[in-house]
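Remarks on the overall topology
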Amino acid sequence: PLQMPAMLESLNAAGVEHRADFLPLAHQLDQMMELVPESLHLIPQLRSYIAGSEQAGHLGDFLAALLQAWADAHGSRDAIRVVLQSFDKQTVKKAGAHCQGSMQ
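Scoring rules and cut-offs
Residues numbered from 1 in each chain as written. Predicted model: local features only at pLDDT ≥ 70, side-chain atom pairs only at ≥ 80, totals over all residues. Heavy atoms only, no water. Axes fitted to C-alpha atoms, helices over the stretch in contact; angles between N-to-C directions. Helix = DSSP H or I, 4+ residues; strand = E, 2+ residues; numbered from the N terminus. Parallel < 35°, antiparallel > 145°, perpendicular 65-115°, else oblique. Contact = heavy atoms within 4.5 Å. Phe/Tyr/Trp six-rings, centres within 6.5 Å; stacked < 30°, edge-to-face > 60°. Lys NZ or Arg CZ within 6 Å of the ring centre and 35° of its normal. Buried < 20%, exposed > 50% of the residue type's maximum accessible area, 1.4 Å probe, protein only. Core = buried A, V, L, I, M, F, W, Y, C linked by side-chain atoms within 4.5 Å.

Thoughts on the packing of helix H1 (residues 5-17) against helix H4 (residues 59-71)
With their axes 6 Å apart at the nearest point, H1 and H4 run at an angle of 120° to one another. Judged on the interaxial angle alone, H4 and H1 are oblique. Mapping the contact onto sequence places Leu8, Leu11, Asn12 and Gly15 in H1 and Leu59, Gly60, Asp61, Leu63 and Ala64 in H4.

Describing the environment of alanine 65
Mapping alanine 65 onto the fold places it in helix H4. Note: C-alpha distance between alanine 65 and leucine 42 (23 residues apart in sequence) is 7.8 Å.

Observations concerning the packing of aromatic side chains
With the rule as written, the count across this model stands at zero aromatic pairs. One Lys or Arg, arginine 19, reaches over the ring of tyrosine 49 and ends 5.6 Å from the middle of that ring.

Focus: helix H3 (residues 43-51)
Every buried residue of H3 is accounted for by Ile43, Leu46, Ser48, Tyr49 and Ile50. Buried positions along H3 lie against H1, helix H2 (19-32) and H4.

Quick word on the nonpolar core
If you look at the biggest cluster of nonpolar residues, it comprises 27 residues, and the most contacted ones within it are Leu29, Met33 and Phe62. Breaking this core down by element, the ones donating at least two residues are H1, H2, H3, H4, helix H5 (77-86) and helix H6 (89-102). The biggest single contributor to this core is H2, with six residues. Among residues more than four places away in sequence, those in contact with leucine 29 are Leu46, Phe62, Leu66, Trp70, Val83 and Phe87.

So yeah, pure geometry; function would need other evidence.
Put into structure tokens, the structure is as follows:
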């Protein structure tokens, strides 16, 4: 996984504190995860975050693992593009504001 401890901790905290703003993105991502076979192993972690169970405090860790899986997914670039383009831009902007604020 990516080695950015301060950023991961910040995202982990933001994922808990602003969970309501991240959940719409998590649900959208959950509907699209099967398009990228290289990230299928991360579905349980995402669903755990959505359910508020053991992974609820690990959004940053999940995102780091997801980005690493996608970076290694050379045969799935088009599928990754579809997933990223499917996100609602206003929802991304709202969640992203929490990330920027927590990493300053």
